[in-house]
Amino acid sequence: MKMSDNAESPIETQKEESQPPSDESTTTDDKKKIDVLLKAVGNTPIMKTKKWAVERGRTIQSLSQFISRFLKLDGSEQLFIYVNQSFAPSPDQDVGVLFDCFGSDGKLILHYCKSQAWG
Amino acid sequence: MSCCVLEEEDFRRCCLLLLQRSEQLSDGWSWEAVQGSEEGYLRKTALRPVAPSPARDQTGSGSDSGPPASCQSCPDPQGQEKEEEEESGLGASSDIAEDDEEDEDDGVCTVSEGSSQVLQYEYHILHSCSYAAPVLYFRAFTQEGRSLSLEEVWSSVHPNFRLRLQSSPLNTITLQEHPLLGQPFFMLHPCRTEEFMRPVLQAAQEQHRPVNYVLSWLSVVGPVVGLDVPLKYSTQLCPAAAPGSSTQPG
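Residues numbered from 1 in each chain as written. Chains lettered and ligands numbered in written order. Predicted model: local features only at pLDDT ≥ 70, side-chain atom pairs only at ≥ 80, totals over all residues. Heavy atoms only, no water.

Observations regarding the overall build of chain B
Part 1 of the reasoning: Helices and strands together make up the secondary structure of chain B, namely 5 helices and 6 strands.
Part 2 of the reasoning: Secondary structure elements of chain B, listed N to C terminal, follow the sequence α-β-β-β-β-α-α-β-β-α-α.
Part 3 of the reasoning: Accessible surface, chain B as shown: approximately 11,600 Å² in total, 50% of it carbon and sulfur. (Helix = DSSP H or I, 4+ residues; strand = E, 2+ residues; numbered from the N terminus. Areas by Shrake-Rupley, 256 points an atom, 1.4 Å probe, with all protein chains shown as cover.)

Right, dumping it as structure tokens:
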């Protein structure tokens, strides 16, 4: 997995061969990126890189899988993601929509928490 | 930690608030009272398509830009892995690009061969005194009126949760007798509720702002079993696509 070492800058795309990343007029809305700030809750490990540039069309589930792998959670651990520390967005929710509704200061803050398996 | 439990009176109060919002949003919840008492439960029915289709069951969630969700049928071997191809544009972002692992599709699973296209789900939210938490009961029928088996229900659990739920030592979804109706319903076990509610409640306490326990809880458990909780429950005000503008305090 390629990862940028620069934690603070938006991650530039590396595999988009046919689309110039900077020309937003030719990219679909889904490909536009929004800034996401990930904050750990409770005993959950803190991600070394907290700020990520995420395509609007990315779902919460996809982001959750990414964080889980990044944190090397084992199969029995469930990751929960919260918006406004008040509700959990649906796994199918696009982050772009969440950003539009709940973003502030140009970023969407998501809190995440790991928990042992249900039951 | 007493902040993470929900007593019955607060449960009813939260349900009432949720109900009011549901009416504003035409989301379909109703309060079913037990005759002669204040006790009752929230109820909602929903139709849930299970055939392979480009549109996901996203009623009210506001997410209509999603990629096609190919149906992850149980006997579909090639469907199990790499269902993120529709999000392959995202493979371009080096930050979150794990297409090589089993990114399960978030489509709704078919129940069985030759089954009907649409299932009728019925969801009940009850209060459990012993867990001091809300509990989700549900049942589902095909259009022909056949009720779903536990296996079929498991296969329709959202892929985001399915693996973990199934790996837990106790069955998380079990067939139970409905405490008030006495009929068989599936139930999502409440024993982890406090755990996933804690971050929400602690933050609310620290920031001195109210939170609707039932709504927050529902936003977590609902999607597990195909119950969508529209974003609008949580937005006081959703700005007209103005990135960068602050919509919520804190």
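Quick look at the packing of aromatic side chains
Part 1 of the reasoning: Scanning the model with the defined rule gives 10 aromatic pairs over all chains in all.
Part 2 of the reasoning: Seen in terms of ring centroids, A:Phe66 and A:Phe70 are 5.7 Å apart; in terms of plane orientation they differ by 65°. Their pairing is edge-to-face. Taken as a pair, A:Phe66 and A:Phe70 lie in helix α1 (residues 60-70) at a separation of 4 residues, close to a single helical turn. Side by side, A:Phe66 and A:Phe70 carry an identical accessibility label, which is buried.
Part 3 of the reasoning: Taken together, a centroid distance of 5.6 Å and an interplanar angle of 20° make the contact between B:Tyr121 and B:Tyr123 stacked. For the pair B:Tyr121 and B:Tyr123, a shared accessibility class is recorded, and that class is buried.
Part 4 of the reasoning: Aromatic ring contacts, followed pair by pair, group B:Tyr121, B:Tyr123, B:Phe138 and B:Phe186 into a single cluster.
Part 5 of the reasoning: Between B:Arg48 and the ring centre of B:Tyr121, over which it is positioned, the NZ or CZ distance is 4.9 Å. (Phe/Tyr/Trp six-rings, centres within 6.5 Å; stacked < 30°, edge-to-face > 60°. Buried < 20%, exposed > 50% of the residue type's maximum accessible area, 1.4 Å probe, protein only. Lys NZ or Arg CZ within 6 Å of the ring centre and 35° of its normal.)

Focus: empty space enclosed by the protein
Part 1 of the reasoning: By the definition in use, this model includes 6 cavities of 30 Å³ or more.
Part 2 of the reasoning: As for the second largest cavity, its lining consists of 13 residues, of which A:Leu79, A:Ile81, A:Pro89, B:Asn160 and B:Phe161 are closest to the centre.
Part 3 of the reasoning: At 3 residues, strand β3 (residues 77-83) of chain A tops the list of elements feeding residues into the lining of the second largest cavity.
Part 4 of the reasoning: Among the residues making up the lining of the second largest cavity, the classes are represented as 10 nonpolar, 3 polar and no charged. (1 Å grid on protein atoms, 1.4 Å probe; cavity = no way out; pocket = protein on both sides within 12 Å on 5 of 7 lines; lining within 4 Å. Points joined across faces, edges and corners; volume = space filled by probe spheres on them. Nonpolar A, V, L, I, M, F, W, Y, C, P; charged D, E, K, R; others polar.)

Looking at the pattern of salt bridges
Residue and element names in this part refer to chain B.
Part 1 of the reasoning: By the definition in use, this model includes 11 salt bridges over all chains.
Part 2 of the reasoning: Measuring nitrogen to oxygen at the nearest pair gives 3.3 Å for the salt bridge that ties arginine 13 to aspartate 10. Pair noted here: arginine 13 and aspartate 10 are both in helix α1 (residues 8-25), with a separation of 3 residues, about one helical turn.
Part 3 of the reasoning: A salt bridge links lysine 44 to aspartate 27, with the nearest nitrogen and oxygen atoms 3.0 Å apart. Of the two residues, lysine 44 sits in strand β2 (residues 40-49) while aspartate 27 sits in the loop between α1 and β1 (30-33), which places them 17 residues apart along the sequence. For the pair formed by lysine 44 and aspartate 27, the shared burial category is buried. (Salt bridge = Lys/Arg side-chain N within 4 Å of Asp/Glu carboxyl O.)

As for the pairing of β1(B)
Residues and elements named next belong to chain B.
Part 1 of the reasoning: By the bridge criterion, 4 bridges tie β1 to β2 in an arrangement that is antiparallel. In the sheet register, serine 30 faces β2, and the bridge partner there is arginine 43.
Part 2 of the reasoning: Remark: 6 residues form the turn of the hairpin made by β1 and β2, two consecutive strands paired antiparallel; glycine 36 in that turn has positive phi of roughly 80°. (Pairing = 2+ DSSP bridges.)

A look at the confidence of the model for chain B
Residue and element names in this part refer to chain B.
Part 1 of the reasoning: Of the residues in chain B, 64% reach a pLDDT of 70 or more, and the chain-wide mean stands at 75.
Part 2 of the reasoning: Low pLDDT (under 50) marks residues 52-95, which in the prediction has 119 contacts with non-local residues, meaning those over four places away or in another chain.
Part 3 of the reasoning: Confidence metrics for the complex model read pTM 0.73 and ipTM 0.77. (pLDDT = per-residue confidence, 0-100. Contact = heavy atoms within 4.5 Å.)

Topic: the nonpolar core
Part 1 of the reasoning: Among the nonpolar cores identified, the biggest contains 48 residues, and B:Trp29, B:Ile125, B:Leu136, B:Ile173, B:Val214, B:Trp217 and B:Leu218 are the most heavily contacted of them.
Part 2 of the reasoning: Among the elements that line this core, the one with the most residues is helix α5 (residues 213-221) of chain B, at 7 residues.
Part 3 of the reasoning: Among residues more than four places away in sequence, those in contact with B:Leu136 are B:Tyr123, B:His124, B:Ile125, B:Phe186, B:Met187, B:Leu188, B:Trp217, B:Val221, B:Val225 and B:Leu227.
Part 4 of the reasoning: Of all hydrophobic cores here, the second largest spans 27 residues; its members include A:Ile60, A:Leu63, A:Ile81 and A:Phe87. (Core = buried A, V, L, I, M, F, W, Y, C linked by side-chain atoms within 4.5 Å.)

Describing the sheet that holds β3(A)
Residues and elements named next belong to chain A.
Part 1 of the reasoning: Ordered in space as β2-β1-β4-β3, the 4 strands form an open sheet in which the pairing is mixed. Each end of this open sheet is capped by a strand with a single partner; those strands are β2 (51-55) and β3. Going across the sheet, the axis of each strand differs from the next one's by a mean of 40°, ignoring polarity.
Part 2 of the reasoning: Pairing of strand β1 (residues 33-40) with strand β4 (residues 107-116) involves 6 bridges; the strand directions are parallel. Bridge pairing links valine 36 to leucine 108 in β4.
Part 3 of the reasoning: Strand contacts of helix α2 (residues 95-102): β1, β2, β3 and β4, with the helix running at about 120° to β4, the strand carrying the most contacts. (Axes fitted to C-alpha atoms, helices over the stretch in contact; angles between N-to-C directions.)

Brief notes about the confidence of the model for chain A
Part 1 of the reasoning: In the predicted model, chain A carries a mean pLDDT of 81, and 75% of its residues have values of at least 70.
Part 2 of the reasoning: Predicted confidence for residues 1-22 of chain A stays below pLDDT 50, and this span has 37 contacts to residues more than four positions away or in other chains.

Re the pairing of strand β4 (residues 133-142) of chain B
Looking down a regular strand, the side chains alternate between one sheet face and the other.
Residues and elements named next belong to chain B.
Part 1 of the reasoning: Of all the 10 residues making up β4, 9 are buried; the element is thus mostly covered by neighbouring parts of the structure.
Part 2 of the reasoning: With 10 bridges joining them, strand β3 (residues 118-128) and β4 adopt antiparallel strand pairing. From the neighbouring strand, serine 128 faces β4, where its bridge partner is alanine 133.
Part 3 of the reasoning: Counted between consecutive antiparallel strands, the loop separating β3 from β4 contains 4 residues, among which alanine 132 sits at a positive phi close to 50°.

Let's talk about the sheet that holds β4(B)
Residue and element names in this part refer to chain B.
Part 1 of the reasoning: Within the open sheet, the 6 strands sit side by side as β1-β2-β3-β4-β6-β5. Their pairing is antiparallel. Both edges of this open sheet fall to β1 and β5 (173-177), since each of them pairs with a single strand only. Strand-to-strand, the axes of this sheet are offset by a mean angle of 35°, without reference to chain direction.
Part 2 of the reasoning: Here β2 pairs with β3 via 8 bridges, running antiparallel. Of the residues in β3, the one forming a bridge with leucine 42 is isoleucine 125.
Part 3 of the reasoning: Packing of α5 onto the sheet brings it into contact with β3, β4 and β6 (184-188), and relative to β4 it is tilted by some 45°.

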